[in-house]
Amino acid sequence: MEYYNEISKGYEELHGEEQRKKLIVLKQNMKVKKNDLLLDVGCGSGISSDFDCDVIGIDPSIELLQTGFGKRKAKLLVCGVAEFLPFKDNSFGIVTSLTAIHNFNDIEKGLMEMKRVGKGKIGVSILKKSEHADKIIGIINDEFGIKERVEEDKDIMLIS
Ligand SMILES: C[S@@+](CC[C@H](N)C(=O)[O-])C[C@H]1O[C@@H](n2cnc3c(N)ncnc32)[C@H](O)[C@@H]1O
């Protein structure tokens, strides 16, 4: 997490293009409706929150959140972690997370929180080279079920 605070000013220059491309693929494979309420977990500067519906973003890096203030799509930005989502059960029609799950301190807990606050529909992008990739895919398969799996260069997108 310290890492993301440190690189916050250069994050978009470093990762922006790559993350935007991943988001396009994720969006193409998800059926997001205008009246959906979507939670973007590990939203960073908000690149991944650019959906055509109401979005709430949460990320532990206050510096990354700050770089997105005012110019991003999310209606509400929350500084917090996936493992303790400050939302009621079944609050969100869709829960997304773009290249963030491998950073969670407790991956299982974070994914169970995403399940609790959502209504069963998720769209996530998982970094293939992460040592946790297989574990993440296994939990998602067991807890959400996988309807679509899209292999990209660096990430695997899973949609439930
Ligand atoms: C590669 S960045 C992706 C950011 C954004 N989703 C994007 O596509 O640009 C990974 C993000 O995971 C966040 N992160 C780290 N630990 C987290 C946790 N426990 N819960 C939620 N997000 C976390 C980081 O702060 C960082 O913003």
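Below, the structure is looked at part by part. (Residues numbered from 1 in each chain as written. Predicted model: local features only at pLDDT ≥ 70, side-chain atom pairs only at ≥ 80, totals over all residues. Heavy atoms only, no water.)

Right, let's talk about the pattern of salt bridges for a bit. By the definition in use, this model includes eleven salt bridges. We note a salt bridge from D155 to K22, for which the minimum N-O separation is 3.1 Å. Taken together, the positions of D155 in strand β7 (residues 155-159) and K22 in helix α2 (residues 11-28) put the pair 133 residues apart, joining distant regions of the chain. By relative accessible area, D155 is classed as buried at 0%. Judged by its relative accessible area of 6%, K22 is buried. (Salt bridge = Lys/Arg side-chain N within 4 Å of Asp/Glu carboxyl O. Helix = DSSP H or I, 4+ residues; strand = E, 2+ residues; numbered from the N terminus. Buried < 20%, exposed > 50% of the residue type's maximum accessible area, 1.4 Å probe, protein only.)

With mixed pairing, the seven strands of this open sheet are ordered in space as β3-β2-β1-β4-β5-β7-β6. The sheet terminates laterally at β3 (76-79) and β6 (148-151), the two strands that pair on one side only. Sheet twist, expressed as the mean angle between neighbouring strand axes with direction ignored, is 20 degrees. Pairing analysis gives three bridges linking strand β1 (residues 37-41) to strand β4 (residues 94-98), with the strands arranged parallel. Directly across from L38, in β4, lies its bridge partner I94. Its contacts with the sheet put helix α4 (residues 107-117) on β1, β4 and β5 (122-127), and the angle it makes with β4 is roughly 150 degrees. (Pairing = 2+ DSSP bridges. Axes fitted to C-alpha atoms, helices over the stretch in contact; angles between N-to-C directions. Contact = heavy atoms within 4.5 Å.)

Now for the pairing of β3. Across four bridges, the pairing between strand β2 (residues 54-59) and β3 is parallel. Each bridged residue has a counterpart across the sheet, and for G57 the counterpart in β3 is L77. Traced from β2 through helix α3 (residues 62-68) to β3, the parallel crossover comes out right-handed. (Right-handed = clockwise from strand over helix to strand, strands pointing away.)

Attention now goes to the side chain of T99. With respect to the helices and strands, the residue T99 is situated in the loop between β4 and α4. Here the side chain of T99 touches D155 through a polar contact of 3.1 Å, side chain to side chain. (Polar contact = N/O pair within 3.5 Å; in protein donor to acceptor, adjacent residues only side chain to side chain.)

If you trace the backbone, K115 turns up in helix α4. Taking the C-alpha atoms as reference points, K115 and I140, separated by 25 residues in sequence, lie 9.5 Å from one another. Not counting chain neighbours up to four residues away, the residues in contact with K115 comprise E143 and F144. Of the polar contacts made by the side chain of K115, one reaches the side chain of E143; its length is 2.7 Å.

Here the focus is the packing of aromatic side chains. One pass over the full model with this rule turns up three aromatic pairs. Between Y4 and Y11, the ring centres sit 6.4 Å apart and the planes meet at 65 degrees, which makes this aromatic pair edge-to-face. The exposure class of Y4 is partly exposed, given its relative accessible area of 22%. The interplanar angle of 85 degrees and the centroid separation of 5.1 Å between the aromatic rings of F87 and F92 together place this pair among those described as edge-to-face. With a relative accessible area of 15%, F87 lands in the buried category. Given a relative accessible area of 2%, F92 falls into the buried group. Put simply, the rings of Y3, Y4 and Y11 pair up and form one aromatic cluster. Here the basic side chain of K27 rests over the ring of F51, its NZ or CZ set 5.8 Å away from the ring centre. (Phe/Tyr/Trp six-rings, centres within 6.5 Å; stacked < 30°, edge-to-face > 60°. Lys NZ or Arg CZ within 6 Å of the ring centre and 35° of its normal.)

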